[in-house]
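Observations on the three-dimensional arrangement
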Amino acid sequence: MTGNSAGLAAVARRAAELLAVGDVITDRARLRTYECDGLAHYRVTPALVVLPQSAAQLAGVVRACAENDVPFVARGSGTGLSGGALPHADGVLIVTSQMRAILGVDPEDQRAVVEPGVINLDVTRAATPHGYYYAPDPSSQQICSIGGNVAENSGGAHCLKYGFTTNHVLGADFVTPQGDVVPLGGAAPDAPGYDLLGAVVGSEGTLGIVTSATLRLVRLPQEVRTILVGFASTDQAGSATSAIIAAGIVPAAIEMMDALAIEAAEAAVRCNYPAGAGAVLVIELDGATVDVVAEYDDVVRLCAENGSFEQRVATDPAERALIWKGRKSAFAAVGRISPDYLVQDGVIPRTSLPEVLRAIQELSRESGVRVANVFHAGDGNLHPLVLFDDAIAGAGDAAEKVSGAILDLCIQHGGSITGEHGVGMDKSAYMPRMFTEEDLDTMQLVRCAFDPDNISNPGKIFPTPRLCGEVPGRHQGAHPLQEAGMAEVF
Amino acid sequence: MAVETGLGTTAREALSSACDRVEEPGERDLVDGVRPGVVARPATTEQVAEVLRAAAGHGLTVVPRGSGTKMTWGQAPTSADVLVDVSAMDRVLDHAAGDLIVDVEAGARLSEVQEHLAGAGQRLGLDETVPGASVGGTLATNASGAQRLLTGTARDLLIGVTLVRADGVVAKAGGRVVKNVAGYDLGKLLIGSFGTLAVVTRAVFRLHPVPAARAWVSAPVGDATDAHRLVQVLVHSQAVPSAVEIDWPASGPRVVSVLLEGRPGGVEGRVASARAALGTGAEVADPPSAVATYPWTTGLRGDDRATALKLTFVISGLAEVLTAVGEAAAPVSLRGSVGTGVVYAEIPVGTDAAAVVSTIDGLRAACARNSGALVVIDAPAAVKQSVDVWGPVGALDLMRRVKHRFDPEHRLAPGRFVGGI
């Protein structure tokens, strides 16, 4: 794509009229600080960065982009792991980090209304005094924003029981790629009409930008118990996970780490996990006290039956934090045992865990590339960390190859290429392995309805953009020219 | 749309070669009074696709149907050349108990799916709100009942979908794993779309374990304030209720009920605290008859049917909605999930037309003041003509754009949905 410098100049002028002086960035050095998100090996310097302070400012910038055919990319805290907020070289990066107001917390209705730049954990902090919290908890919850969570349909350790962002966003003010502000959903359930909000959440910024979100708040549980369980092997830990689910127990979380991941966590945070463990499970139970106590006994028994050799329980927040410390630090900790690593986000049916883990071990052995496994065992969401040293020629390529082979394994077992990190820039090339051309074409009908000019985060998710002017294929008896002409007429 | 329609001989031949079973419509095939041209009963997704390609080729309108228990809901279609009945596609294709998922065909009856799952101690968290309802029809109308407080609605349970577009293209979205963010979530767009975007032929759902113990606690309530207070206590308690329901008939005793599920010991303890919270008169009862059913008689198709309403509101709006019910010109019976703010109401058949209109206006205003909406789910033709069935809809222009991309000739269930979609 060739730069549309006249269009960009017009958008920059409009932004300067609408926004405060410091909120429009054109200086090359400062632009470069926005060149990547959490997936740092993709880097593109945006042509312009704006930091609106209000929905009106944001919508005004989007409208200027639409009028001048300039692409834009929305970015929250920039913690995404799939390059979803990777800027467009000839486009505008719209950063929502200055829109950080919690507009309302309403425990009576179990709702909070927040701006997109609000940090995930701050919603829970605001709700906790009322006995409530915001359930989706991605590992980055201390820094990631609600706007980014909405774009990516973020998950977290506790989505096994409580669901994902999409289950907790009830309404939104939404800026279309034309710059119009429209309401989607609402504070009450089941708004009449199509569930456009359901399509927007998880659309990775390709349909427009949310400028406020109405969130569901969940009652803080009466009792929480966190259990750390050591096993000799991942097979045993996987069997214990299956046994717990088969017993009709739905823990708030079941997380697994293998020996290499444990080694890394020990090196980094000295979490003091069971010595010699081939795998650990972190299991959290929550709910009414009487139920949690009964479930706890069952979980301990089921783990023992599947070969656990050590169990520790945390009943207060300090002990709980200690158990979670190892798990939550795992990604960063891998830096202690390897100069570079790739994080994968594949999903498999839970019952395929032992088989897929063995296949990953086999891949690792054949290629000589080390793989540390950290994952949400309860819902089959794997985060293999593929370790390599970029200083060694060819090591990066070998790691990429193993990483891709792991995704293929997930697809072969009926799973997904991404459970919570999103497709973004990173995995769009894998989409045709999971979906047919017709599937992708049909998804892009939604894209064409929202963004026919393909200016909202273009180049993400879909390997090949659909030309929206085309008449949707294959039907006969209509007049193509008439239809093409009618495409936007109602 | 300037598309010539008509069910001539060549069109009928095309449909017959697309699908083994193409039949003349009978009385029970009317879609809210509109007689379809033919009824096609495809047995596979590929046959549905063939039928839709044939319909596209001849510019025919198409109305999808599952079990046909809710064909009078929404607006009557402006045309129904082909009724595509998927009830022959009724198999449970795969129940992966260890993965807590089920893969079913759209024509499968919800009750039969539940029966299948019960063998493994599992359930799909969707209530059968009308006897005989199919999976496809439940999705198309976004029907939900009491257990939505615990398990949510179809949008929280559907994890994969196979659909056939108006042009006959078969596509899928989602998959077979609960956690999956690859691609757009087309399932959510199709839920509640009344067959106006595509024909769903197959669905994959996440499941929940059947709890070992369950108990209902019910208590009589006096006025709106009383009901409101009890519901607030239950919803904000630590009892983790699976359902909080109300039964508020136009005349007769009014009851608030709470469902508690889990382990036997745990349920026992929570029942005790729920009884204490509900005060004198609270008792452990069998499932209240009002649960997961509508306050109107279902299955009626003629002018003898009641006016059926769906009301939504934030839960703090309950007292105001109940007060509006009491002040309405018509007698109103109300029932539903007060724990989530989704209830159903009946205005009986034979109510004076002006009273129906003013009652709907009054209740709609009360819902709107509490961030919600009122939809006339079903009503005799005369009522549907005199009121705004769907009410005000946000982002309607965007909805029209979605419709136009999926069905540019507006041949799928034309006129049944919001804004004449």
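Residues numbered from 1 in each chain as written. Chains lettered and ligands numbered in written order. Predicted model: local features only at pLDDT ≥ 70, side-chain atom pairs only at ≥ 80, totals over all residues.

1. A few points about the overall build of chain B
Scanning chain B from terminus to terminus reveals 13 helices and 19 strands. The C-alpha radius of gyration of chain B comes to 22 Å, within 12% of the 22 Å expected for a compact globule of 421 residues. For chain B, the C-alpha atoms occupy an extent of roughly 70 × 55 × 35 Å along the three principal directions. Per-residue burial for chain B yields a buried fraction of 63% across its 421 residues. Considering only contacts within chain B whose residues lie at least 6 apart along the sequence, 70% involve residues at least 24 apart. (Helix = DSSP H or I, 4+ residues; strand = E, 2+ residues; numbered from the N terminus. Rg over C-alpha atoms; globule rule 2.2 N^0.38 Å. Buried ≥ 20, exposed ≤ 12 C-beta atoms within 10 Å, placed from the backbone. Contact = placed C-beta atoms within 7 Å.)

2. A look at the interface of chain B and chain A
Interfaces are often described in size by the accessible area the parts lose on coming together. The partner chain A presents 80 residues to the 81 residues of chain B that form the contact. At the level of secondary structure, the elements contributing two or more residues to the side of chain B that touches chain A comprise α2 (45-57), α6 (154-157), β9 (170-174), α7 (186-190), α9 (264-278) and α13 (396-406) of chain B. The leading source of residues in the side of chain B that touches chain A is α13(B), at 9 residues. Looking at the side of chain B that touches chain A residue by residue, the classes come out as 36 nonpolar, 29 polar and 16 charged. (Nonpolar A, V, L, I, M, F, W, Y, C, P; charged D, E, K, R; others polar.)

3. Regarding the pairing of strand β8 (residues 169-175) of chain A
Residue and element names in this part refer to chain A. For β8, the buried fraction is high: 6 of the 7 residues fall into the buried class. Pairing analysis gives 6 bridges linking β8 to strand β10 (residues 209-216), with the strands arranged antiparallel. Bridging from a neighbouring strand, Phe174 pairs with Val210 of β10. When β8 meets strand β9 (residues 181-185), the two strands line up antiparallel, connected through 5 bridges. (Pairing = 2+ DSSP bridges.)

4. Considerations on the sheet that holds β10(A)
All names here are of chain A. Strands sit in the order β5-β6-β10-β8-β9 across an open sheet of 5 strands; the sheet is antiparallel. Each edge of the sheet is formed by a strand with only one pairing partner; in this case those strands are β5 (102-106) and β9. Going across the sheet, the axis of each strand differs from the next one's by a mean of 10°, ignoring polarity. Strand direction decides the pairing type here: strand β6 (residues 111-114) and β10, joined by 4 bridges, are antiparallel. Following the sheet pairing, Val114 is matched in β10 by Ala213. (Axes fitted to C-alpha atoms, helices over the stretch in contact; angles between N-to-C directions.)

5. Side note on the packing of helix α10 (residues 289-305) of chain A against α9(B)
For any two helices packed against each other, one specifies the crossing angle of their axes together with the interaxial distance. The contact between α10(A) and α9(B) brings their axes to 8 Å, and the two run at 170°. Judged on the interaxial angle alone, α9(B) and α10(A) are roughly antiparallel. Contacts between α10(A) and α9(B) involve A:Val290, A:Asp291 and A:Ala294 on the former and, on the latter, B:Gly265, B:Gly266 and B:Gly269. Taken together, the residues that form the contact of α10(A) with α9(B) break down as 2 nonpolar, 3 polar and 1 charged. (Parallel < 35°, antiparallel > 145°, perpendicular 65-115°, else oblique.)

6. A word on the packing of helix α10 (residues 318-327) of chain B against helix α11 (residues 353-369) of chain B
All names here are of chain B. Contact geometry of α10 with α11 gives a least axis separation of 9 Å together with a crossing angle of 170°. It follows that α10 is roughly antiparallel to α11 by the angle criterion. Residues Glu320, Val321, Ala324, Val325 and Glu327 of α10 pack against Gly362, Leu363, Ala366, Cys367 and Arg369 of α11. Partitioned by chemical class, the residues of the contact of α10 with α11 number 6 nonpolar, 1 polar and 3 charged.

7. Things to note about helix α3 (residues 55-67) of chain A
Residues and elements named next belong to chain A. Taking 1.5 Å as the rise per residue, α3 with 13 residues should run 18 Å; its terminal C-alpha atoms sit 18 Å apart, in good agreement. Across the 13 residues of α3, 11 count as buried, placing the element largely inside the fold. Burial in α3 covers these residues: Ala55, Gln57, Leu58, Ala59, Gly60, Val61, Val62, Arg63, Ala64, Cys65 and Ala66. (Expected span 1.5 Å × (residues − 1).)

8. Digging into the environment of A:Ser5
All names here are of chain A. Note that Ser5 resides in helix α1 (residues 5-18). Here Ser5 falls in the exposed class, since 11 other C-beta atoms lie within 10 Å of it. Once the C-alpha coordinates of Ser5 and Val402 are considered, the two residues, 397 residues apart in sequence, prove to be 41 Å apart.

9. Focus: the nonpolar core
If you look at the biggest cluster of nonpolar residues, it comprises 302 residues, and the most contacted ones within it are A:Val61, A:Val92, A:Ile94 and B:Val51. Of the residues forming this core, the biggest block, 8 residues, is contributed by α3(A). Setting aside chain neighbours within four positions, we find A:Val61 in contact with A:Val11, A:Ala15, A:Leu18, A:Val50, A:Pro52, A:Val92 and A:Ile94. (Core = buried A, V, L, I, M, F, W, Y, C linked by C-beta atoms within 7 Å.)

10. Some thoughts on the sheet that holds strand β13 (residues 243-248) of chain B
Residue and element names in this part refer to chain B. Pairing within the open sheet is antiparallel, and its 8 strands lie in the order β15-β12-β14-β13-β17-β18-β16-β19. Because the sheet does not close on itself, it has two edges, and the strands there are β15 (283-285) and β19 (374-378). The average undirected angle you get between the axes of adjacent strands in this sheet is 25°. Examined bridge by bridge, β13 and strand β17 (residues 333-337) share 4 bridges and lie antiparallel to one another. Residue pairing for β17: Glu245 is matched across the bridge by Ser337. Strands in contact with α9 are β12 (213-220), β14 (255-262) and β15; relative to β12, the strand with the most contacts, it is inclined by about 5°.

11. Focus: unusual backbone geometry
Residues and elements named next belong to chain B. Even without a glycine there, the phi angle at Asp32 is positive, about 50°. Residue position: Asp32 is located in the loop between β1 (22-23) and β2 (38-40). Since 20 C-beta atoms lie within 10 Å of it, Asp32 is described here as buried. Not every positive phi belongs to a glycine, and Ala413 is a case in point at roughly 45°. Within the secondary structure, Ala413 sits in the segment after α13.

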